[in-house]
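Chain by chain, the residues run as shown.
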Amino acid sequence: MVLQAQENKAMILAAGMGTRLKPLTDHKPKALLEWEGKPLLEHTILKLKSNGFTSIIVNVHHYAEMIMDFVKAKKEFGIHIEFSHEKEELLDTGGGIAKASWFFDKEAFLVYNVDILSSIDLRAMYLEHVQSGVIATMAVKERVTSRSLLMDGKGFLQGWRDNRSGETILCGSSAEGLSPIAFSAIHIMDPRVFEYFPEEKCFSVMPFYLELAKKQAVKLYRHDRDTWTDMGKLESYS
């Protein structure tokens, strides 16, 4: 299975402070912490490249120069890589994507958190997204999580729940028939989403998706059989 012939673009979210990984991130960014001999950023870039993505933008803030110097020194990546430098302040996940909107054209693009290691088939996910015609597709997996998305029987986003407090946000009028499922921090957006972005400079992508799902179909792509690890916390390194 191959991606379409046009340039396939992706964004790696790598600007975070790595708070959950302290003290490991006191002197280097989360993106450059190593796993099995390679920085997390290198794992992510190589995964995107092997899945057919040919052009990548990486947002940076915490130890930004260190990340950019690492990528520039890695000539063997062999693909086009740009940076979106959030110099003044961190813009959160949604704001970071909005700032990098200049990089994307008319084709759907992938967004991937740098601290995620997964065996997910990104080609299959991308092609399913394109064929469905939806405005956005979010990768989800059956796993234990403190916060869940709520999915209807057709596989579309219908809400969110905090499994610790019970707080629930619905996109529709009822929670009847909805199932909890965990977001994998991997998603695909059609450039049409920028028409729905809020005016705020800094915002999280999750509340945005919940508002978007009230107006447009947001598809949930299940990859239950794939491995998935959140490397953004100390427990993962133990």
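Every value quoted in this text rests on a predicted model; they were computed, and no experiment measured them.

(A) Examining the pairing of strand β9 (residues 147-151) more closely. Most of β9 is tucked away: 4 of the 5 residues are buried. In this structure, the hairpin formed by β9 and strand β10 (residues 157-162) is closed by a connection of 5 residues, where G155 is found at a positive phi of approximately 85°. When β9 meets strand β12 (residues 179-189), the two strands line up antiparallel, connected through 3 bridges. Across the sheet, residue M151 finds its bridge partner in β12, namely S179.

(B) Layout of the side chain of K141. Structurally, K141 can be placed in strand β8 (residues 136-141). As a buried residue without a salt bridge, K141 has its nearest oppositely charged side chain in D224, at a separation of 5.7 Å. Within polar-contact distance, the side chain of K141 engages the backbone oxygen of D224 at 2.8 Å. Beyond its immediate stretch of four places on either side in the chain, K141 contacts I181, A182, S184, H223, D224, D226 and W228.

(C) Layout of the side chain of D162. By secondary structure assignment, the location of D162 is in strand β10. A polar atom in the side chain of D162 sits 3.2 Å from the backbone nitrogen of S165. For D162, the contacting residues outside a window of four places in its chain are S146, R147 and E167.

(D) Representation of the pattern of salt bridges within the structure. According to the stated counting rule, one finds 14 salt bridges in the structure shown. As a salt-bridge pair, D26 and K22 come within 2.9 Å of each other at their nearest N and O atoms. The exposure class assigned to D26 is partly exposed, which follows from its relative accessible area of 32%. Of the charged contacts in the structure, one is a salt bridge between D115 and K30, with a shortest N-O distance of 3.0 Å.

(E) Seen up close, the packing of aromatic side chains. On inspection of all chains with the given rule, the structure shows 11 aromatic pairs. Ring centres 5.8 Å apart and planes at 10° place the aromatic pair F109 and F194 in the stacked group. Of this pair, F109 sits in strand β6 (residues 109-113) while F194 sits in the loop between β12 and α5 (205-212), placing them 85 residues apart in sequence. In this structure F194 comes out as partly exposed when scored by relative accessible area, which is 23%. Here F197 and F203 contribute two aromatic rings whose centre-to-centre distance is 5.3 Å and whose plane-to-plane angle is 80°, an arrangement assigned as edge-to-face. For the pair F197 and F203, a shared accessibility class is recorded, and that class is buried. Following the ring pairs from residue to residue traces out a cluster consisting of W102, F103, F104, F109, F194, F197, F203, F208 and Y209. In this structure, R143 packs its charged tip against the face of W228, placed 3.8 Å from the ring centre.

(F) Seen up close, the pairing of β6. β6 sits mainly inside the fold: 5 of its 5 residues count as buried. The two faces of β6 match: F109, V111 and N113 on one face and L110 and Y112 on the other face are all buried. In the sheet, strand β1 (residues 9-13) pairs with β6 via 4 bridges, with the strands oriented parallel. Within β6, the position partnered with A10 by the bridge is L110. Examined bridge by bridge, β6 and β12 share 4 bridges and lie antiparallel to one another. Among the inter-strand pairings, Y112 is bridged to a residue of β12, identified as I186.

(G) Structural context of α5. The buried fraction of α5 amounts to 6 of the 8 residues, a majority that puts the element mostly inside the structure. Buried residues of α5: V205, M206, F208, Y209, L210 and L212, and no others. Near the N-terminus of α5, the side chain that reaches the backbone nitrogen of M206, with its oxygen 3.5 Å away, is that of S204.

So, how was this worked out
Residues numbered from 1 in each chain as written. Predicted model: local features only at pLDDT ≥ 70, side-chain atom pairs only at ≥ 80, totals over all residues. Heavy atoms only, no water. Buried < 20%, exposed > 50% of the residue type's maximum accessible area, 1.4 Å probe, protein only. Helix = DSSP H or I, 4+ residues; strand = E, 2+ residues; numbered from the N terminus. Pairing = 2+ DSSP bridges. Lys, Arg positive; Asp, Glu negative; His and termini not counted. Salt bridge = Lys/Arg side-chain N within 4 Å of Asp/Glu carboxyl O. Polar contact = N/O pair within 3.5 Å; in protein donor to acceptor, adjacent residues only side chain to side chain. Contact = heavy atoms within 4.5 Å. Phe/Tyr/Trp six-rings, centres within 6.5 Å; stacked < 30°, edge-to-face > 60°. Lys NZ or Arg CZ within 6 Å of the ring centre and 35° of its normal.

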